[in-house]
Amino acid sequence: MSEIVAKAQGRGTTHARHIRTWVVGFLKWENLPFHQLGRKRGTLVDDEDVTEEIQVHMKKKAGEGFLKAEDIVEIVASPDMQAIFQQKGITKPMISVKTGRCWLKKLGWSFGKLKNGMYLDGHERPDVVEYRRAFVKRFMGHKRQFHRWDHDGTELPHPNGFPVPEASGRFRLILVTHDESTFFQNDECNTGWTHATSKSKPKAKGNGQTLMVSENLTPDWGRLRDGDE
């Protein structure tokens, strides 16, 4: 009879066994178990002390590199976490990787492409700031000896130049800048018009081989070169 009721409810043999257990319990004690429909089951991550400790370990791990679900499995099994569990009377020697993923989501972590943050390379260190100031001061002194143009491209008067010991005539400085570009073999436009009948073309993975073009430039002579090179 229990199997017929379970089948009518779209359930299987396991539900039929539960029905038989409920019937026996009702005949013995005249009560039925409360239904669990819509009730949330608590987990370890509902405990604030546990979640706070786990978050500390996870943030430390993420700061060192890439955080994986396997890491939270190791965190739960660590002596520090097991000590907290013991204080609370919790027996949880380990969790599965699947449970680790669920906990990560519940704790506000999401899986996706990592984003680049700001690069911190000591720009505001006192010694770096002082070096920049000294460099700018020296460069501005040299700038008076450069051949210059205004913003409209009009040539400004040539500087008077400066004498050089043991040399005849007056000299001026030529500003030489360095420029380089890197081109990738598979770097191409990823947008365009396509027709409904168009077929997708296979593309190579990765950037492919690279070609770097490097030149030294001057405002007076253009690109520096040696003969035809």
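Everything here concerns the structure above.
Residues numbered from 1 in each chain as written. Predicted model: local features only at pLDDT ≥ 70, side-chain atom pairs only at ≥ 80, totals over all residues. Heavy atoms only, no water.

It is worth spelling out the overall build of the chain at this point. Each helix and strand in the chain was counted, giving seven helices and five strands. When contacts within the chain are restricted to residue pairs at least 6 apart in sequence, those whose partners lie at least 24 apart make up 51%. A total of about 20,400 Å² of accessible surface is found on the chain, and carbon and sulfur atoms cover 54% of it. (Helix = DSSP H or I, 4+ residues; strand = E, 2+ residues; numbered from the N terminus. Contact = heavy atoms within 4.5 Å. Areas by Shrake-Rupley, 256 points an atom, 1.4 Å probe, with all protein chains shown as cover.)

Packing of helix α4 (residues 69-77) against helix α6 (residues 97-106) brings their axes to within 8 Å, and their N-to-C directions diverge by 100°. When the interaxial angle is binned, α4 and α6 end up roughly perpendicular. Facing A69, E70, I72, V73 and V76 of α4, the residues of α6 in contact are V97, G100, R101, W103 and L104. Considered class by class, the residues forming the contact of α4 with α6 number seven nonpolar, one polar and two charged. (Axes fitted to C-alpha atoms, helices over the stretch in contact; angles between N-to-C directions. Parallel < 35°, antiparallel > 145°, perpendicular 65-115°, else oblique. Nonpolar A, V, L, I, M, F, W, Y, C, P; charged D, E, K, R; others polar.)

On to the pattern of salt bridges, then. In a structure, side chains of opposite charge can pair up when their charged atoms sit close to one another. Tallied over the full model, the rule gives three salt bridges. As a salt-bridge pair, R125 and D127 come within 3.0 Å of each other at their nearest N and O atoms. For the salt bridge of R223 with E215, the shortest nitrogen-to-oxygen distance reads 3.1 Å. (Salt bridge = Lys/Arg side-chain N within 4 Å of Asp/Glu carboxyl O.)

Spatially, the three strands line up as an open sheet ordered β3-β4-β5, and their pairing is antiparallel. Since the sheet does not close on itself, it has two edges, and those belong to β3 (177-184) and β5 (222-223), each with one partner. With two bridges joining them, strand β4 (residues 210-218) and β5 adopt antiparallel strand pairing. Paired with L217 across the strands is R223, a residue of β5. (Pairing = 2+ DSSP bridges.)

Below, the discussion takes up a nonpolar patch on the surface. A surface patch of nonpolar side chains, amounting to about 520 Å² of accessible area, comprises Y131, F135, V136, F139 and M140. If you trace the backbone, Y131 turns up in helix α7 (residues 126-143). (Patch = residues over 30% accessible without salt bridge, like charges linked within 9 Å, V, L, I, M, F, W, Y side chains within 5 Å.)

Residue position: T51 is located in helix α3 (residues 48-64). The class for T51 is buried, based on a relative accessible area of 13%. If near-sequence neighbours (up to four positions away) are discounted, T51 is found in contact with V45, D46 and L107. (Buried < 20%, exposed > 50% of the residue type's maximum accessible area, 1.4 Å probe, protein only.)

This part is about the pairing of β4. Pairing analysis gives eight bridges linking β3 to β4, with the strands arranged antiparallel. Opposite F183, over in β4, you have L211 as the bridge partner. Here β4 folds back onto β5, and the loop between the two strands holds three residues.

Our next topic: the packing of aromatic side chains. One pass over the full model with this rule turns up two aromatic pairs. Taking the centre distance of 6.2 Å and the plane angle of 20° together, the rings of F135 and F139 count as stacked. In this pair, F135 and F139 both sit in helix α7, four residues apart, roughly one turn of the helix. By relative accessible area, F139 is classed as partly exposed at 31%. Here the aromatic residues F135, F139 and F146 are joined through ring pairs into a cluster of three or more. (Phe/Tyr/Trp six-rings, centres within 6.5 Å; stacked < 30°, edge-to-face > 60°.)

Of the positions making up helix α5 (residues 79-87), those classed as buried are M81, I84 and F85. Down the axis of α5, the sector holding all buried residues measures 100°, keeping them to one side. Facing away from the buried side of α5 by over 90 degrees, the exposed positions are P79, Q86 and Q87. On the buried face of α5, the contacting elements are α3 and α4. Looking one or two places after α5, you find G89, whose phi comes out positive at around 75°. (Arc of directions from axis to C-beta.)

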